[in-house]
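A look at the structure
For reference, the chains in residue letters:
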Amino acid sequence: MKKLLLIALMATLGRSQASVADSITLSKAAELSCHRIERLVTLKKIDAGYETNFSTLTVVALQQTQPTDPAFKAVESQYLGADGTAAQIEILMDNQGKPLSFNVITGATAVNAPVWTGADSINLAENSLHFVLEGWQTTQPEVKPFYTDMKAMRLFQVTDSSGQVLSKAEFLSYLVGTTLTVYLKTDGTFVSAAVK
Amino acid sequence: MARILLVLPILIASLYLGGCNYRVDKQPQEVDPNFIYVPQAMIDSASYKQVSGFVFSKNCLSCHDSGKVPLDSYQKVVSNVDKIYSSVFIKRTMPKAPNPPLSYDQKMILLAWIKAGAPEVAKNGTVTPVPTPIPLEPTFKSLKANVFDMKCTQCHSLGGDAARIPLVTKEDFLNSPLIIIDPQNPDESGLLVVLDPKFGSKKFMPPDKSGYTPVTDEQLKAVRDWIHNGTHD
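Structure report, in brief.

Definitions and cut-offs
Residues numbered from 1 in each chain as written. Chains lettered and ligands numbered in written order. Predicted model: local features only at pLDDT ≥ 70, side-chain atom pairs only at ≥ 80, totals over all residues. Heavy atoms only, no water. Helix = DSSP H or I, 4+ residues; strand = E, 2+ residues; numbered from the N terminus. Buried < 20%, exposed > 50% of the residue type's maximum accessible area, 1.4 Å probe, protein only. Contact = heavy atoms within 4.5 Å. Areas by Shrake-Rupley, 256 points an atom, 1.4 Å probe, with all protein chains shown as cover. Core = buried A, V, L, I, M, F, W, Y, C linked by side-chain atoms within 4.5 Å. 1 Å grid on protein atoms, 1.4 Å probe; cavity = no way out; pocket = protein on both sides within 12 Å on 5 of 7 lines; lining within 4 Å. Points joined across faces, edges and corners; volume = space filled by probe spheres on them. Nonpolar A, V, L, I, M, F, W, Y, C, P; charged D, E, K, R; others polar. Salt bridge = Lys/Arg side-chain N within 4 Å of Asp/Glu carboxyl O. Axes fitted to C-alpha atoms, helices over the stretch in contact; angles between N-to-C directions. Parallel < 35°, antiparallel > 145°, perpendicular 65-115°, else oblique. Left-handed = near helix turned anticlockwise from the far one by under 90°. Pairing = 2+ DSSP bridges. Expected span 1.5 Å × (residues − 1). Arc of directions from axis to C-beta. Polar contact = N/O pair within 3.5 Å; in protein donor to acceptor, adjacent residues only side chain to side chain. Buried area = accessible area lost by both parts, 1.4 Å probe.

**Quick notes on the overall build of chain A**
Summing up its helical and strand segments, chain A has 5 helices and 8 strands in all. Expressed as a percentage of its 196 residues, the buried residues of chain A come to 47%. Looking at chain A alone, contacts between residues at least 24 apart form 53% of all its contacts between residues at least 6 apart. Accessible surface, chain A: about 10000 Å² in total, of which carbon and sulfur atoms supply 57%.

Dropping the structure here:
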């Protein structure tokens with residue numbers, strides 16, 4: 001019986017390692033989900049609010065029982081509506097980030113969502129994710145836990161000391177308790193990033 | 001002797017001051033195109049077909065197929081030949097990024113043609129073999145030559161601004177997680193969504209900042225047919 005359990009455990013570990021090796025990272029899945037949401041808006045399959053009222057994005061790796069099962073689920077939430085609910089969209093992807101399906105969770109129309117003058121909010125989220133995907137390899141190795149094991153991101157509009165409006169994206173990781181903050185100009189160009 | 005003693009310091013001083021009398025010329029140096037060696041035989045055999053095949057179609061037409069300085073026919077090129085000479089050899093502002101600069105050989109061909117008086121056919125009647133243009137049709141080979149390499153690849157390849165979305169090989173188009181080609185829903189393929197203005201995509205391609213002109217209706221139709229017909233080689 002012990003032998004059987006041991007074999008089953010080894011087989012399970014072997015399978016999960018193989019699937020991890022073939023898979024993209026959580027942050028890449030998050031970025032691809034943003035691209036998918038933009039496409040769905042362009043094709044008029046979902047409301048444009050998902051592009052303009054982006055508030056948060058969470059991403060999780062799913063347990064696959066078959067190779068055709070979804071490997072990632074990303075959920076974008078818009079800013080809260082007047083009744084306290086938020087419109088959400090779930091994107092299911094395979095282990096290469098190809099979208100498999102989407103599901104819209106109805107919520108009230110966002111209120112108090114910041115108005116962006118340059119890029120859309122989802123575009124700013126996507127550009128912030130580009131730093132997560134590439135910044136750890138070049139300038140900031142401490143970003144790597146957010147690259148490999150990103151958990152969630154939240155987008156804000158802030159104003160710096162000189163009065164310039166900036167996009168501020170905060171990232172959480174499943175691996176560390178620190179927060180990565182990425183600042184961009186409203187046209188999506190990079191300003192700075194820090195892990196604290 | 002006294003005279004020598006009197007003259008010698010003056011001589012040394014004048015040599016010293018004269019020797020240091022140089023200046024750094026901060027004016028931009030014009031490139032003399034004559035530094036490019038062009039054999040007379042090359043000038044005699046220069047033709048529009050040759051310069052078009054080796055230079056304009058490869059490095060210029062992705063932007064200059066329309067607009068203020070179109071270079072897509074002999075008449076249009078000849079009417080702009082002074083601008084071409086100035087921007088390539090004097091100001092050196094062309095080709096603009098993301099197009100690659102002209103190679104030495106391309107500069108030779110262009111300069112030989114200009115020196116020959118920008119003829120449509122070679123003075124000596126020589127017909128120089130030039131790359132045969134690939135007709136526009138809905139195949140990957142044709143679209144790569146006539147559309148993708150002209151409008152996309154420079155940015156969407158290693159070292160380009162959009163290298164994270166490579167568009168070099170057919171597999172790049174077919175296997176992208178961005179669903180650049182959607183076999184189930186051809187009309188929802190990302191390639192069409194960004195190339196066709198009817199979708200109103202905020203990521204319309206090529207972007208204005210690239211300087212590339214949008215794809216023509218004929219090019220767009222060929223891309224659409226390629227996707228609908230099963231993305232043949």
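**What to know about helix α3 (residues 48-59) of chain B**
Owing to its 3.6 residues per turn, the α-helix aligns residues three or four sequence positions apart on the same side. Those residues of α3(B) that fall on the buried side of the exposure criterion are Tyr48(B), Gln50(B), Val51(B), Ser52(B), Gly53(B), Val55(B), Phe56(B) and Asn59(B). On the buried face of α3(B), the contacting elements are α4 (61-64), α5 (74-79), α6 (81-90) and α7 (104-115) of chain B.

**As for the nonpolar core**
By size, the foremost hydrophobic cluster in this structure holds 65 residues, and its most contacted members are Met153(A), Phe171(A), Leu180(A), Phe148(B), Phe173(B), Leu191(B) and Trp226(B). The residues touching Phe148(B), leaving out its near neighbours within four places in the chain, are Phe140(B), Leu143(B), Thr153(B), Phe173(B), Leu191(B), Val223(B) and Trp226(B).

**Digging into the layout of surface pockets**
Approximately 1300 Å³ is the volume found for the largest pocket. Lining the largest pocket are 46 residues, and of these His156(B), Ile165(B), Lys203(B), Met205(B) and Pro207(B) lie nearest its centre. Only α2 (26-42) and α4 (121-138) of chain A together with α10 (190-195) of chain B provide two or more residues apiece to the lining of the largest pocket. When the residues that make up the lining of the largest pocket are grouped by side-chain class, the tally is 23 nonpolar, 10 polar and 13 charged. Along the walls of the second largest pocket sit 30 residues, with Ser57(B), Leu61(B), Ala145(B), Asn146(B) and Met150(B) positioned nearest its centre. Contributions of two or more residues to the lining of the second largest pocket are made by α3, α8 (140-151) and α11 (217-228) of chain B.

**A closer look at the pattern of salt bridges**
Counted by the stated rule, this structure contains 15 salt bridges over all chains. Here Asp196(B) and Arg224(B) are joined by a salt bridge, their closest N and O atoms 3.1 Å apart. On the criterion of sequence distance, the pair formed by Asp196(B) in the loop between α10 and α11 and Arg224(B) in helix α11 is long-range, its members being 28 residues apart. Put simply, Glu38(A), Glu126(A) and Lys203(B) are held in one network by salt bridges that share partners.

**What to know about the packing of α2(A) against α4(A)**
Residue and element names in this part refer to chain A. Close contact between α2 and α4 brings their axes to 9 Å; oriented N to C, the two are set at 155°. In terms of their interaxial angle, α2 and α4 are classed as roughly antiparallel. Considering how the two elements wind past one another, α2 and α4 form a crossing that is left-handed. Of the residues in α4, those in contact with Ser27, Lys28, Ala30, Glu31, Cys34, His35, Ile37 and Glu38 of α2 are Ile122, Asn123, Glu126, Leu129, His130, Val132 and Leu133. A per-class count over the contact of α2 with α4 returns 7 nonpolar, 4 polar and 4 charged.

**Let's talk about the sheet that holds strand β7 (residues 180-185) of chain A**
All names here are of chain A. Taken in spatial order, the 8 strands of this open sheet run β4-β3-β2-β1-β5-β6-β7-β8, and their pairing is antiparallel. Lying at the two open borders of the sheet, with one neighbouring strand each, are β4 (99-105) and β8 (190-195). The average angle at which neighbouring strand axes cross in this sheet is 15°, direction not considered. By the bridge criterion, 6 bridges tie strand β6 (residues 165-173) to β7 in an arrangement that is antiparallel. In the sheet register, Leu166 faces β7, and the bridge partner there is Lys185. Along the sheet, α2 contacts β1 (54-61), β2 (72-78), β3 (88-93), β4 and β5 (150-159); its crossing angle with β3, the most-contacted strand, is approximately 120°. Contacting β1, β2, β5, β6, β7 and β8, α4 crosses the sheet at an angle of about 125° to β7.

**Focus: the pairing of β4(A)**
All names here are of chain A. Pairing of β3 with β4 involves 6 bridges; the strand directions are antiparallel. Bridging across to β4, Ile89 finds its partner in Val104. Two successive antiparallel strands, β3 and β4, enclose a turn made up of 5 residues, where Gly97 displays a positive phi of approximately 90°.

**Let's talk about α11(B)**
Residues and elements named next belong to chain B. Given a rise of 1.5 Å per residue, 12 residues ought to cover 16 Å, and the 16 Å separating the end C-alpha atoms of α11 matches this to within 8%. Inspection of α11 places Gln219, Leu220, Ala222, Val223, Trp226 and Ile227 among the buried residues, and these make up the whole buried set. Looking straight down α11, one finds its buried side chains confined to an arc of 160°; they lie on one side. Exposed and facing more than 90 degrees away from the buried side of α11 are Asp217 and Glu218. Against α8, α9 (170-174) and α10 lie the buried residues of α11. Just downstream of α11 lies Gly230, where phi reads positive at about 100°.

**So, the side chain of Ser142(B)**
Residues and elements named next belong to chain B. Turning to its location among the elements, Ser142 is positioned in helix α8. Judged by its relative accessible area of 0%, Ser142 is buried. Within the structure, the side chain of Ser142 is placed 2.7 Å from the backbone oxygen of Pro135, a separation counted as a polar contact. The contacts of Ser142, once residues within four sequence positions are left out, are Ile134, Pro135, Leu136, Glu137 and Val147.

**Observations concerning the side chain of His35(A)**
Residue position: His35(A) is located in helix α2. Overall, the relative accessible area of 14% leaves His35(A) in the buried class. The residues touching His35(A), leaving out its near neighbours within four places in the chain, are Glu126(A), His130(A), Leu178(B) and Lys203(B).

**Focus on the environment of Ala194(A)**
With respect to the helices, strands and loops of the structure, Ala194(A) is situated in strand β8. Put simply, Ala194(A) and Tyr183(A) are 11 residues apart on the chain and 9.0 Å apart in space, counted from C-alpha to C-alpha.

**Observations concerning the interface of chain B and chain A**
On the side of chain A, 19 residues touch chain B, which itself brings 15 residues to the contact. Taken together, both faces of the contact between chain B and chain A bury some 1400 Å²; the carbon and sulfur share is 52%. Three residues stand out in chain B for area buried against chain A, namely Arg164(B), Pro177(B) and Lys203(B), and they jointly supply 39% of the buried area on that side. Joining chain B to chain A, the criterion identifies 6 salt bridges. Ionic pairing is found between Lys203(B) and Glu126(A), a salt bridge with its closest N-O pair at 2.7 Å.

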